[in-house]
Amino acid sequence: MAMEKTFDAREAEARIYAKWEDEGAFKAGANASREETFAIMIPPPNVTGNLHVGHAFNNTLQDILTRQKRMQGYDTLWQPGTDHAGIATQMIVERKLAAEGLPTRAEMGREAFLEKVWEWKEESGGNIKNQLKRLGSTCDWSREAFTMDPNFHDAVIKTFVKMYNDDLIYRGKRLVNWDPHFETAISDLEVENIEVDGHMWHFKYPLAGGQTYEYVEKDEDGVETLRETRDYIAIATTRPETMLGDGAVAVHPDDARYAPIVGMLCEIPVGPKESRRLIPIITDEYPEMDFGSGAVKITGAHDFNDYQVAKRGGIPMYNLMDTKAAMRADGRPYVEEAATAQAIANGDLEFDEAMIAAMNLVPEAYRGMDRFEARKAVIADITAEGLAVMTTEVRKDDEGEEFTVSVPYVESKKIMQPFGDRSKVVIEPMLTDQWFVDTAKIVGPALEAVREGRVNIMPESGEKVFYHWLENIEPWCISRQLWWGHQVPVWYDEDGAFFCAPTEAEAQAQAGDKVLTRDPDVLDTWFSSGLWPMGTLGWPEQTPELAKYYPSDVLITGQDILFFWVARMMMMSQAVEKKDPFHTVYLHQLVRDEKGEKMSKTRGNVIDPLEIVDVYGADALRFTMAQMAAMGGVLKLSEDRIKGYRNFGTKLWNAARFAEMNECVPSPDFDTASVKQTANKWIIGEAAKARIDVDAALEAYRFNDAANTLYAFVWGKVCDWYVEFAKPLFYSEDDEIIAETRATMAWVIDQCLILLHPIMPFITEELWSSIAARPKMLIHTDWPTYGEDIMDKDADGEMNWVIGLIEAIRSIRAEMRVPAGAKLPMLQMQLDTKQQDALARNEAIVCKLARIESITPVSELPKGCVTIAVTGGTFALPIADIIDLDAEKSRLEKAAEKQKKEYGGLKGRLSNPKFVASAPEEVVAESRVRMAELEAEAEKLAAALQRLADLV
């Protein structure tokens, strides 16, 4: 049956994928012919997720490796699954309840709410799985895991208990990111820092007892620019509502302006006058002398930098807000609390963490207010009392006369503000009781794994980031104030003592007859996903799969979760199994649009991978993803590139149809060593080169090099050159030549399909079955191992010389703007015997493909010729009479001037150390690439201008 004229991706992809699944093509161990394993763990997408370009890119790379290893006979497992996504899932279900008019989470209670979550998961939680299938992902879906599966839950609980018993997990009070909407701690990854319009207010903190000092400012040369007597110290803040929780004012130890008042007390300028707190003025390295006033208020319970200062200085950290970020309304009256705080500041009263946590230093006037309403009230009250730093402002009256007024000094400025990525509300740094992993105790083996080369992080820049983070690691907050997730396996008695155990029965056995209540918190999803490489294989049970596929091989993931997931898997695997979970980590950047901009709905530049698949097919998208996956490079995705690679698929399809029309049928007995025709020997060698280069590229995770090699081989060597070289052979009068060429062409098309299959699986599988009846599908066809043994150096040299000559002629025709349809005579000056023989055998093809009318040997060249230097000789094209020399010279000179101008600008930018140091890495890299392109362009323009000069 004749092949279809075109490949219908929309119809074929679903059909082909279904056939793969029906035949168990993806199952662990499928097509295995060797003992070596290849295991790769999918970074589990959120169960709430939909396929975006990041998923498409990440999974394409994983699938390429998996398909190749499967074809190579490895016992292969690509382990799929999803993460339960605590906050995201809870948010979706709560919205669904509201939309359906059902009781709220709080109204229905924990147990009933969790039943609703499981209902939603069964109905809608598998969306992304089906989307990954559309991309062609060959995960072993029969082993699909979920981080809330019973066996995975057991693994999480066992790990928590073990780490707690090993003194690696503890409960403590630390500053965390707090989401007031969801009322839970969240990780840094769930915080979006967004630049917004903000303000910085300047306030006076009066010195205790009306004390004064000489405030002196000097310029860089030490010349005095200001001297005045002050009875206050000025601070600047973007969050005045937190002043109520100040524990100190800090200045730099080298700041001479404030040296006279270090150690004194100053008054927080807000709250009932008779009960105002006095706090100490201290020194710390944190304040910057040249920023603002150089003095910083220290509110340890509501700022991450202040928290560190407070810890170093033993300063109490007063929490001002409740879980909804409203000003606290609990506790004793403010007058009593302020008196206690003053006794602490005076050094008259010792304090502990529990005592400070219970204190509410919010005056009654602000209690219960939303934090932003409290901000307005605090600013108004301080300003009304005259304790705002003032400045003069020039205004005009109704008649246009200028006058000056004194106004509060408020700076309008851009500030980075943290928002919850799900809730979209401002995140509040908050001091709360949480469960923590003492990461300092488990970080060592992870660092050693990379230092000793047991785990290789690619690109190398990721390694530096890995070291920096782990060498300065903070305790990891693993508790979340949610209901959906792995509930902390800890039970409390009525006195607050707690018991950690895998089950309530075991905790009760530890507690005796005491009444127990379970900790309501659940574990951070990163804690459970940290066990992904083991938990998906049945751990803590010692399953056959665990023995075979753990540790896994390579992990492919985004660089943004190097800390949150990769490093934590490494730490946790070592903590519980004393093993590295993988040997290689391939980190990729965020996929951006064609201009290098981050994709966002606001910008309107989001590319939906499924829409791309609908229009261009999965293969085109996959090839684009592979081609742009340069190690450490900027990942720019454009629809034009995808369209181009769809055309590449069409080119391959047409080549296969050409082979079919010329009766090229694959033969299992085809012997490359028996081939005699030069063109056939040459293309066999080109296939061997491609196979070697593709293997080397994929072995080194250089996906773009593999894609570029295949593009150059399939389109450049096979579709463009070999198809043309084969045509005269098909018309030969020698049946042996025709038969050999048919067999070679069929073999070469098969090699294209095999080598391309990992990247473009659908079109290659369709062609594989369309060309001939096969013993098995392409997905399980053996990966070739041929190499230099099937190359013919003489054939390679001859045909590549012919190609070089044709390309040189075409290049000159293009550069000199020779009309496309014009056939030119070509003059041959001299030619070595070897090249003369090559030309004699291939003259017809040279003339046809380069549009040459004749080739004439000459002893000297007439005027108006462009010379062509090739290995072993020189040719020339007489073109002076068929192009407009003056117009062409003008065009080339303008192009050269434009090139020179752009090159000069880039060179100046890259020569500026400030630009190189401050510009984003990708911008600097792109500038250098563009500079190299311009240098090459300059050489071509100079050569073209010289050719023109030679014509005159």
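Residues numbered from 1 in each chain as written. Predicted model: local features only at pLDDT ≥ 70, side-chain atom pairs only at ≥ 80, totals over all residues. Heavy atoms only, no water.

1. Things to note about helix 18 (residues 562-577)
Put simply, the test is: Axes are fitted to the seven residues ending at a residue and to the seven starting at it; the angle between these axes is taken as the bend at that residue. We count a stretch as a helix when DSSP gives it H or I for four or more residues in a row; a strand needs E for two or more, and each element gets its number in order from the N terminus. Only protein chains enter the accessibility calculation, which uses a 1.4 Å probe. A residue is then buried if its area is under 20% of the maximum for its type, exposed if over 50%, and partly exposed in between.
The largest bend along helix 18 measures about 30 degrees and falls at Arg-568. The buried fraction of helix 18 amounts to 14 of the 16 residues, a majority that puts the element mostly inside the structure.

2. Things to note about the side chain of Arg-257
So the rule is basically this: Whenever a nitrogen or oxygen atom comes within 3.5 Å of another N or O atom, the pair is scored as a polar contact, on the condition that within protein one atom can donate a hydrogen and the other can accept it, and that pairs from neighbouring residues in sequence are kept only if both atoms are in side chains. Contact definition: two residues touch when any of their heavy atoms are within 4.5 Å.
Within the secondary structure, Arg-257 sits in the loop between strand 11 (248-251) and strand 12 (265-267). Of the residues examined, Arg-257 reaches a relative accessible area of 14% and is grouped as buried. In this structure the side chain of Arg-257 is engaged in a polar contact, spanning 3.3 Å, whose partner is the side chain of Tyr-215. A polar contact of 2.7 Å, which involves the side chain of Arg-257, links it to the side chain of Asp-255. Beyond its immediate chain neighbours, meaning those up to four positions away, Arg-257 contacts Tyr-213, Glu-214, Tyr-215, Val-216, Glu-217, Met-289, Ser-293 and Gly-294.

3. Comments concerning the pairing of strand 33 (residues 873-878)
To keep things clear, this is the line we draw: A pair of strands is treated as paired once DSSP finds two or more bridges between them.
With five of six residues buried, strand 33 lies mostly within the body of the structure. The sheet contact formed by strand 30 (residues 824-831) and strand 33 spans four bridges and is antiparallel. Residue pairing across strands places Gln-830 opposite Thr-874, the latter belonging to strand 33. If you look at the hairpin formed by strand 32 (residues 865-870) and strand 33, you'll find two residues sitting between the two strands, and Gly-872 has a positive phi there, around 85 degrees.

4. As for the pattern of salt bridges
Any two side chains of opposite charge can pair, given that their charged atoms come close. Put simply, the rule is: Salt bridges, as used here, are contacts in which a Lys or Arg side-chain nitrogen is within 4 Å of a carboxyl oxygen on Asp or Glu.
Counted according to the given criterion, the structure contains 58 salt bridges. Linking Arg-276 and Glu-267 is a salt bridge whose minimum nitrogen-to-oxygen distance equals 3.1 Å. Across the pair, Glu-267 and Arg-276 agree in class, each one buried. The shortest N-O distance in the salt bridge between Lys-727 and Glu-724 comes to 3.1 Å. You can see Lys-727 and its partner Glu-724 sitting in helix 23 (residues 703-730), three residues apart, about one turn around the helix. Here Lys-727 falls in the partly exposed class, since its relative accessible area comes to 24%. What makes Glu-724 buried here is its relative accessible area of 16%. Three or more residues are tied together by salt bridges with common partners; here these are Glu-267, Lys-273, Arg-276 and Glu-385.

5. Details of the packing of helix 23 against helix 24 (residues 735-756)
The criterion, for reference: To get an axis, fit a line to the C-alpha atoms, keeping to the stretch in contact for a helix; angles then go from 0 to 180 degrees between the N-to-C directions. An angle below 35 degrees is read as roughly parallel, one above 145 as roughly antiparallel, one from 65 to 115 as roughly perpendicular, and any other as oblique. Crossings are sorted by hand: turned counterclockwise from the far helix by less than a right angle, the near helix makes the crossing left-handed, and turned clockwise it makes it right-handed.
In the contact formed by helix 23 and helix 24, the axes pass within 11 Å of each other and the chain directions differ by 170 degrees. If you check the angle between helix 23 and helix 24, you find them roughly antiparallel. Note on packing geometry: the crossing formed by helix 23 with helix 24 is left-handed. Contacts between helix 23 and helix 24 involve Leu-710, Phe-713, Val-714, Val-718, Tyr-722, Val-723, Ala-726, Leu-729 and Phe-730 from the first element and Ile-737, Ile-738, Thr-741, Arg-742, Thr-744, Met-745, Val-748, Ile-749, Cys-752, Leu-755 and Leu-756 from the second.

6. Some words on the layout of surface pockets
Let me state the cut-off plainly: Two kinds of site are reported from a 1 Å grid over the protein atoms alone, namely cavities, where a 1.4 Å probe fits but cannot get out, and pockets, open sets with protein on both sides within 12 Å along at least five of seven lines, and residues are called lining when an atom falls within 4 Å of a point. Grid points are joined across faces, edges and corners, and a volume is the space filled by probe spheres set on the points. Classification convention: Asp, Glu, Lys, Arg as charged; Ala, Val, Leu, Ile, Met, Phe, Trp, Tyr, Cys, Pro as nonpolar; all other residues, Gly among them, as polar.
Looking at the second largest pocket, its volume works out to about 1300 Å³. Lining the second largest pocket are 45 residues, with Thr-238, Arg-239, Tyr-286, Asp-303 and Asn-305 sitting closest to its centre. Going through the elements one at a time, strand 7 (191-206), strand 10 (232-237), strand 14 (295-298), helix 8 (304-313), helix 11 (371-384), strand 17 (410-420) and strand 18 (428-437) are the ones with two or more residues in the lining of the second largest pocket. Top contributing element to the lining of the second largest pocket by residue count: strand 7, with eight residues. Looking at the lining of the second largest pocket residue by residue, the classes come out as 19 nonpolar, 14 polar and 12 charged.

7. Some words on the nonpolar core
Rules: The definition of a nonpolar core used throughout is a set of buried Ala, Val, Leu, Ile, Met, Phe, Trp, Tyr and Cys residues joined through side-chain atoms within 4.5 Å.
Residues Phe-160, Phe-466, Phe-527, Phe-703 and Phe-875 are the most contacted members of the largest nonpolar core, which totals 198 residues. With 15 residues, helix 23 is the largest single contributor of residues to this core. If sequence neighbours within four positions are ignored, Phe-703 has contacts with Leu-61, Ile-64, Leu-65, Ile-556, Tyr-586, Ala-626, Ala-629 and Leu-698. Within the second largest apolar cluster, 39 residues are counted, among which are Tyr-215, Val-249, Ala-325 and Ala-377.

8. Some points on the packing of aromatic side chains
For clarity, the cut-off: Side-chain rings of Phe, Tyr and Trp (the six-membered ring for Trp) are treated as a pair once their centres are within 6.5 Å; stacked means planes under 30 degrees apart, edge-to-face means over 60, and tilted covers the remaining angles.
One pass over the structure, following the stated rule, counts 37 aromatic pairs. An angle of 35 degrees between the planes, with centres 5.6 Å apart, marks the rings of Phe-7 and Trp-653 as tilted. Pair noted here: Phe-7 is in the segment before helix 1 (9-22) and Trp-653 is in helix 21 (residues 639-661), with a separation of 646 residues, a long-range link. Each of the two residues, Phe-7 as well as Trp-653, counts as buried. An aromatic cluster is defined as three or more aromatic residues linked by ring pairs; in this entry it consists of Phe-160, Tyr-164, Trp-435, Trp-476, Tyr-492, Phe-498 and Phe-527.

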